[in-house]
Amino acid sequence: MRNQFKGKDFLAFKDLNREEIEFLTDLSLDFKKKFIAREPHDYFKGQVWAALFEKNSTRTRNAFQRAAADLGITVTYLRPDELQMSRGEPLKDTCRVLDRMYDGLFIRTFGHEIVEECSKWMKAPVINGLTDIAHPTQGIADMMTIKEKFGKYEGLKLTYMGNLYNVCYTTMIFAATLGMDMSIVCPAGIEPNQMLVDEAQKRAKVTGAHIEITQDFEQAMKDADIVYGNAEYSMGQTDEEITKLKKAFEPYQVTADAMKMAKSTAIYMHCLPAHRGEEVTDEVLESPQSVIFDEAENRMHSIKGIIAAYAN
Ligand code: CP
């Protein structure tokens, strides 16, 4: 199947069907085995990729750099403030210049239309390292983590608490596509993107997954196999927005007592960075149920799998 991705762009979860999500997840798990066995896998020796990060990053940036190094790829890290883009050079010109010099672009940016614009102007593969609505490299890492812990997706219930942006939408579409139930706990007045909810419901109809948006924390936590936390707000929001969101999400903090409402075998996931004392307590993050650092490590293996599938 790898050839069907080759040279294409990895932009959004919506472009991926069940077989493709499972293929990328399993390929990433294979790369993890190679990494653990210290088996060389520098299959892309000689390639040079650009990494453009318009937002801060710990996991994604380091995961990409290490993944590229192990695959034999040299990386040029680009800061937007050092490029002529910061003085108004159009993205379409920047993309066509980069396309003449690099074998691929890894980009973390703001609006999803920006990665679509890069895709339009570049022949080399473009990999989305986060936009406002999609965080697909995180999504593949999360599916890896779930497969490692449970060996399956179907029949599991994932309960999500946190901001309704990229990670939420990616998880929702992947869960629906893979047949995993998902409860998204969402305060009154904070509405998810209806177009993406409709897309998830369409996929859920095919797989039998149950996707719900609810304000009922207890009901959502009941029988959960996976409790997934995320920050209540996102990078770049104003102080006023953050204060409003923190207040709205207050009743939904995941504490050790709240974890008792889930199955006794439940795991706690978080894309990180976590805000201790806000969406989750330190006790939960440090508990044996927490798999947050397995999940973070899997970012590196998933990015390897994705590069290996999409690179020319
Ligand atoms: N989860 C995630 O994308 O982390 P970073 O923002 O540190 O890359």
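Residues numbered from 1 in each chain as written. Predicted model: local features only at pLDDT ≥ 70, side-chain atom pairs only at ≥ 80, totals over all residues. Heavy atoms only, no water.

Draft legend 1. Region of the structure containing the layout of surface pockets. Of the volumes computed, that of the largest pocket is approximately 370 Å³. Arg108, Leu130, Met235, Leu272 and Pro273 are, among the 23 residues lining the largest pocket, the residues nearest its centre. Only helix H2 (59-71) and helix H6 (166-178) provide two or more residues apiece to the lining of the largest pocket. Split by residue class, the lining of the largest pocket holds eight nonpolar, twelve polar and three charged. (1 Å grid on protein atoms, 1.4 Å probe; cavity = no way out; pocket = protein on both sides within 12 Å on 5 of 7 lines; lining within 4 Å. Points joined across faces, edges and corners; volume = space filled by probe spheres on them. Helix = DSSP H or I, 4+ residues; strand = E, 2+ residues; numbered from the N terminus. Nonpolar A, V, L, I, M, F, W, Y, C, P; charged D, E, K, R; others polar.)

Draft legend 2. Highlighting the packing of aromatic side chains. Tallying each qualifying case throughout the model produces eleven aromatic pairs. Plain terms: the ring middles of phenylalanine 31 and tyrosine 43 are 6.3 Å apart, the flat faces sit at 55 degrees to each other, and that makes the pair tilted. On the criterion of sequence distance, the pair formed by phenylalanine 31 in helix H1 (residues 18-36) and tyrosine 43 in the loop between H1 and strand S1 (48-53) is long-range, its members being twelve residues apart. Judged by centre distance (6.3 Å) and plane angle (75 degrees), the rings of phenylalanine 249 and tyrosine 252 are edge-to-face. As far as burial versus exposure is concerned, phenylalanine 249 and tyrosine 252 are alike and both buried. (Phe/Tyr/Trp six-rings, centres within 6.5 Å; stacked < 30°, edge-to-face > 60°. Buried < 20%, exposed > 50% of the residue type's maximum accessible area, 1.4 Å probe, protein only.)

Draft legend 3. Representation of the sheet that holds strand S5 (residues 157-161). Taken in spatial order, the five strands of this open sheet run S7-S6-S5-S8-S9, and their pairing is parallel. Whereas interior strands pair on both sides, the edge strands pair on one side only; in this sheet they are strand S7 (211-214) and strand S9 (267-270). In this sheet, adjacent strand axes meet at a mean angle of 20 degrees when their direction is disregarded. The sheet contact formed by S5 and strand S8 (residues 226-229) spans four bridges and is parallel. (Pairing = 2+ DSSP bridges. Axes fitted to C-alpha atoms, helices over the stretch in contact; angles between N-to-C directions.)

Draft legend 4. Quick look at the side chain of threonine 177. Topologically, threonine 177 is positioned in helix H6. Here threonine 177 falls in the buried class, since its relative accessible area comes to 6%. Within the local environment of threonine 177, its side chain forms a polar contact with the side chain of arginine 203, the two groups lying 2.9 Å apart. Excluding its chain neighbours within four sequence positions, the residues that come into contact with threonine 177 are Leu16, Asn17, Arg18, Ile21, Arg203 and Thr207. (Polar contact = N/O pair within 3.5 Å; in protein donor to acceptor, adjacent residues only side chain to side chain. Contact = heavy atoms within 4.5 Å.)

Draft legend 5. Up close: the environment of alanine 309. Counting through the fold element by element, alanine 309 comes out in helix H12 (residues 292-310). In the structure, alanine 309 is positioned 56 residues away from glutamine 253 in sequence and 38 Å away in space, judged by C-alpha atoms. When sequence neighbours within four positions are dropped, the list of residues in contact with alanine 309 reads Arg2, Phe5, Lys6, Phe23, Leu24 and Leu27.

Draft legend 6. Molecular detail of the pattern of salt bridges. Applying the stated criterion across every chain yields a total of 22 salt bridges. Between lysine 247 and glutamate 250 there is a salt bridge, with its nearest N and O atoms 3.8 Å apart. Exposure class is identical for lysine 247 and glutamate 250. Each is exposed. For aspartate 257, the salt bridge identified is with lysine 260, shortest N-O distance 3.2 Å. Taken individually, aspartate 257 and lysine 260 each receive the classification exposed, so the pair is uniform in this respect. Beyond isolated ion pairs, a larger network of salt bridges with shared partners links Arg18, Glu22 and Glu154. (Salt bridge = Lys/Arg side-chain N within 4 Å of Asp/Glu carboxyl O.)

Draft legend 7. How the structure looks around the site of the ligand. Around the ligand, the neighbouring residues are Ser57, Thr58, Arg59, Thr60, Arg108, His135, Gln138, Cys271, Leu272 and Arg299. Arginine 299 has a polar side-chain atom sitting 3.3 Å from an oxygen atom of the ligand. Relative to its unbound accessible area of 250 Å², the ligand is 94% covered by the protein chains. Here the ligand is seated within the largest pocket. Classifying every residue of the shell around the ligand gives two nonpolar, five polar and three charged. (Near = heavy atom within 4 Å. Areas by Shrake-Rupley, 256 points an atom, 1.4 Å probe, with all protein chains shown as cover. Sits in = over half its atoms within 2 Å of the grid points.)

Draft legend 8. Highlighting the environment of glutamate 116. Mapped onto the elements, glutamate 116 comes out in helix H4 (residues 112-121). Glutamate 116 sits 104 residues away from alanine 12 along the chain, and the two C-alpha atoms are 9.6 Å apart.

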